[in-house]
Amino acid sequence: MSEILLENTLTNRKEPFAPLHSGEVRMYTCGPTVYDYAHIGNYRTFVFQDILRRFLHSRGYRINQVMNLTDVDDRIIQNAADRGISIFDYTSKYIAAFKEDMNALSLEPPEHLVRATDHIEDMVKLIEQLEAKGLTYRSDGSIYYRISKFPKYGKLSKVDMSGIQAGARVDVDRYEKADARDFALWKAPKPGEFFWETRIGPGRPGWHIECSAMAMKYLGDTLDIHTGGIDLAFPHHENEIAQSEAATGHPFVRFWLHAEHLIIDGEKMSKSLGNFFTLRDLLQKGHKPSTIRYLLASVPYRRQLNFTGDSVKQAASSVERLRNFATRLKDGKFPSGSNPAMTARIQKAEADFESGLADDLNTAVALAAVFDLVRDVNTAIDRGEFRQQDSAPVLATIKKFDAIFAVVEDNDESRLRTLGFKHSRPEMSAQEIESLITDRQQARNHRDFKRADEIRKELENRGILLEDTRDGGVRWKKK
Ligand code: AMP
Ligand code: ZN
């Protein structure tokens, strides 16, 4: 099997990956800020980390992943106050929605999906460690990290440190400008604002300290992998490094993996620009969860993903193609025996799939390997070169593929129902479809074309398209 290479933002190189602790990959993923529904740009990044964990698992590694839920920040405090409810009542709705979306998109639950507000004590301890080392200062009840005391600041994002002004500080968690500033570890409460009473004073944690504290609590001082969208590299991840490495004296993360953005009309999809779709917006329009997952997974994570109406349509038809193929193999009757050429063909597909993913998760190459196999097997079937005993091994390959991409097994209906979307009539089983096709053939044989047409229409209304083949047979596929 090919060696796993992952591109590390720290070094800007593809490096061979193996975990520090034999057999177990320890990874951390910056989770959503639960002030609203997540949009599909966010899910691009979460689908990428899901493909990553599934791939590493397929290589025999145990996965130990932490994802945080940022359930306290400026926006959450503001929105909860505007509605006159507690931050906990405010965020619980969006936490539940996030978990439902994850399930709809077949994102495996991380081993630890944890809320920031359940870890205030861990953050206070970490801030105390940094204070004891003289890396912090206080101002108006808030505590700041003095980045000039951490010489390696900027090593991840390569931010320009030449213009750094001692003492220039910033209170907001998120800022775009590339100039490095001292950032808040702990924020004093503004009048009327929610706060925790702690050993370091009243207040609430900054965003960055959350991730350092929660990552190290569950995964130890040094993690194998840390993932997030590229917008988090600076300042968020740079600040995580400064906090963690200064506190422990150990490297915080071995591999930093950042997903490029999902863009729409040439711009990053984001809440602040207002150019976003939530997952539910797209399902409401009639798209299937599997279509969205496929679309988000199909572009390698280090490339921008351009979201368009056409790309959604293409994703839907790709998923259908795979599902029709699997059904054709499951239900098809082929001449007995096996074709030795097929074994070699399957092996090639698996090797190409594997090496595509091993090359920094190149999902485009991996998918091409699968679609090439689908095309070649379909051709072999049409030429009568495919045998009954070839069917199970090809299906086994599709299953291996689906253990990572998770789109062929069709659970769209139940996922939609869980999210409260009413859906069309239940899908027809292959048996029901075949039996209607037989009725239609009989009607035709009796020259009852009206009835034959009715059956075709009925099937079409249930999402099944018929194709008359040249030899007088009929092939069907799902719309
Ligand atoms: P947030 O809830 O804003 O902290 O974002 C959650 C995750 O989504 C982070 O890893 C972000 O980097 C990522 N993200 C935000 N917008 C996009 C986008 N348009 N494309 C890809 N990832 C994004
Ligand atoms: Zn984070």
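Just so it is clear, the structure is predicted and the values come from calculations on it, not from any experiment.

*Asks:* What is the right way to read the overall build of the protein chain from this model?
*Replies:* For the protein chain, the helix and strand inventory stands at 15 helices and 18 strands. Summarising its shape, the C-alpha atoms of the protein chain cover approximately 90 × 50 × 35 Å along the three principal directions. Split into buried and exposed, the 479 residues of the protein chain put 53% on the buried side. Partitioning the contacts of the protein chain with sequence separation of at least 6, the portion at a separation of at least 24 is 75%. When the accessible surface of the protein chain is summed, it comes to about 21,700 Å², and 49% of that surface belongs to carbon and sulfur atoms.

*Asks:* How should the site of ligand 1 be read in this particular structure?
*Replies:* In the region of ligand 1, 18 residues are neighbours, and Thr45, Gly229, Asp231, Leu262 and Met269 sit closest. A distance of 3.0 Å separates a nitrogen atom of ligand 1 from a polar backbone atom of Gly41. Within the contact set of ligand 1, an oxygen atom lies 2.9 Å away from a backbone nitrogen or oxygen of Gly229. Protein coverage of the free-state accessible area of ligand 1, which is 490 Å², stands at 95%.

*Asks:* How do you make sense of empty space enclosed by the protein when you look at a structure like this?
*Replies:* To find leftover empty space, one rolls a probe the size of a water molecule over the atoms. Within this structure, the stated rule accounts for one cavity of 30 Å³ or more. Along its surface, the largest cavity is lined by Arg44, Phe48, Ile51, Leu296, Ala297, Val299, Pro300, Tyr301, Leu361 and Thr363. Elements with a minimum of two residues in the lining of the largest cavity: helix H1 (40-58) and helix H8 (289-298). Per-element accounting of the lining of the largest cavity gives the leading share, three residues, to H1. The class makeup of the residues in the lining of the largest cavity is eight nonpolar, one polar and one charged.

*Asks:* Help me understand the layout of surface pockets, please; the structure alone is not making it clear to me.
*Replies:* Considering only enclosed or pocket space, the second largest pocket measures out at about 1,100 Å³ in volume. Broken down by secondary-structure element, the contributors of at least two residues to the lining of the second largest pocket are H1, helix H2 (74-83), helix H3 (87-104), strand S12 (223-229) and helix H6 (233-248). Element by element, the count of residues in the lining of the second largest pocket is highest for H1, at five residues. Its residues placed into classes, the lining of the second largest pocket shows 21 nonpolar, 13 polar and eleven charged.

*Asks:* Just checking my understanding: could you explain the sheet that holds S12 for this structure?
*Replies:* By definition, the strands of a sheet pair up through backbone hydrogen bonds, in either a parallel or an antiparallel sense. Pairing within the open sheet is parallel, and its five strands lie in the order S5-S4-S3-S12-S13. Of all the strands in the sheet, just strand S5 (112-115) and strand S13 (253-259) have a single pairing partner and so form its edges. Direction aside, neighbouring strands of the sheet carry axes that sit 20° apart on average. The pairing of S12 with S13 spans six bridges and is classified as parallel. Bridge pairing in S13 links Leu223 to Val253. This element, H3, spans strand S4 (62-69) and S5 of the sheet and lies at about 160° to S5. Strands in contact with helix H5 (residues 207-219) are strand S3 (24-29), S4, S5 and S12; relative to S4, the strand with the most contacts, it is inclined by about 150°.

*Asks:* What's the story with the pairing of strand S2 (residues 13-16) in this structure? I'm lost.
*Replies:* Here is the key point about a regular strand: its side chains alternate between the two faces of the sheet. With four bridges joining them, strand S1 (residues 5-8) and S2 adopt antiparallel strand pairing. Opposite Glu7, over in S2, you have Lys14 as the bridge partner. Here S1 folds back onto S2, and the loop between the two strands holds four residues, one of which, Asn12, carries a positive phi near 60°.

*Asks:* Whenever I open this one, the sheet that holds strand S16 (residues 305-306) confuses me. Can you help?
*Replies:* The mixed open sheet is built from three strands, whose spatial order is S15-S14-S16. Single-partner strands in this sheet number two, and they are strand S15 (267-268) and S16. Summarising the sheet, strand S14 (residues 262-264) and S15 pair through two bridges and their orientation is antiparallel. The partner of Ile263 across the bridge, within S15, is Lys268.

*Asks:* Help me out: how do you make sense of the packing of helix H4 (residues 120-132) against H6 in this one?
*Replies:* The geometry of a pair of packed helices is captured by two quantities: the angle between their axes and the separation between those axes. Close contact between H4 and H6 brings their axes to 9 Å; oriented N to C, the two are set at 65°. When the interaxial angle is binned, H4 and H6 end up roughly perpendicular. For the pair H4 and H6, the crossing hand works out as left-handed. From H4, Leu126, Gln129 and Leu130 reach across to H6, where they touch Gln243, Ala246 and Ala247.

*Asks:* Mind showing me how you'd approach the coordination of the zinc ion (ligand 2) here?
*Replies:* Ideal donor angles around a metal are set by the shape: a four-donor tetrahedron calls for 109.5 degrees, a six-donor octahedron for 90 or 180 degrees. Bound to the zinc ion (ligand 2) are the protein donor atoms Cys30 (SG), Cys211 (SG) and His236 (NE2), situated 2.1 to 2.2 Å from the metal. Taken in sequence order, the residues that donate to the zinc ion (ligand 2) follow the motif C-x180-C-x24-H. With Cys211 in helix H5 and His236 in helix H6, this residue pair connects regions lying 25 residues apart in the sequence. A relative accessible area of 0% places Cys211 in the buried class.

*Asks:* Which parts of the structure should I look at to understand the packing of aromatic side chains?
*Replies:* Given two aromatic rings, their pairing is described by the distance between the two centres and the angle made by the two planes. For the structure on display, the rule yields 18 aromatic pairs. Residues Phe353 and Phe401 carry aromatic rings whose centres are separated by 5.7 Å and whose planes lie at 65° to one another, so their mutual orientation is edge-to-face. Here Phe353 is found in helix H10 (residues 340-358), whereas its partner Phe401 is found in helix H12 (residues 391-405), with 48 residues between them in sequence. For the ring pair Phe401 and Phe405, a centre distance of 5.0 Å and an interplane angle of 15° mean the geometry is stacked. With Phe401 and Phe405 both in helix H12, this residue pair falls four residues apart, about one helical turn. The buried category is assigned to Phe401, whose relative accessible area is 2%.

*Asks:* How should unusual backbone geometry be read in this particular structure?
*Replies:* Among all residues except glycine, the phi angle is most often negative; among peptide bonds, the trans geometry is most common. Put simply, Phe234 and Pro235 share a cis peptide bond, and its omega is 0°. A positive phi angle, near 60°, is found at Asn12, a position not held by glycine. One non-glycine residue, Ser106, lies in the positive phi region at around 55°. Counting through the fold element by element, Ser106 comes out in the loop between H3 and S5. A residue is classified by how much of its surface remains accessible, and Ser106, at 13% relative accessible area, is buried.

Rules behind the numbers
- Residues numbered from 1 in each chain as written.
- Chains lettered and ligands numbered in written order.
- Predicted model: local features only at pLDDT ≥ 70, side-chain atom pairs only at ≥ 80, totals over all residues.
- Heavy atoms only, no water.
- Helix = DSSP H or I, 4+ residues; strand = E, 2+ residues; numbered from the N terminus.
- Buried < 20%, exposed > 50% of the residue type's maximum accessible area, 1.4 Å probe, protein only.
- Contact = heavy atoms within 4.5 Å.
- Areas by Shrake-Rupley, 256 points an atom, 1.4 Å probe, with all protein chains shown as cover.
- Near = heavy atom within 4 Å.
- Polar contact = N/O pair within 3.5 Å; in protein donor to acceptor, adjacent residues only side chain to side chain.
- 1 Å grid on protein atoms, 1.4 Å probe; cavity = no way out; pocket = protein on both sides within 12 Å on 5 of 7 lines; lining within 4 Å.
- Points joined across faces, edges and corners; volume = space filled by probe spheres on them.
- Nonpolar A, V, L, I, M, F, W, Y, C, P; charged D, E, K, R; others polar.
- Pairing = 2+ DSSP bridges.
- Axes fitted to C-alpha atoms, helices over the stretch in contact; angles between N-to-C directions.
- Parallel < 35°, antiparallel > 145°, perpendicular 65-115°, else oblique.
- Left-handed = near helix turned anticlockwise from the far one by under 90°.
- Donors = N, O, S within 2.8 Å, 3.2 Å for Na, K, Ca; no water.
- Phe/Tyr/Trp six-rings, centres within 6.5 Å; stacked < 30°, edge-to-face > 60°.

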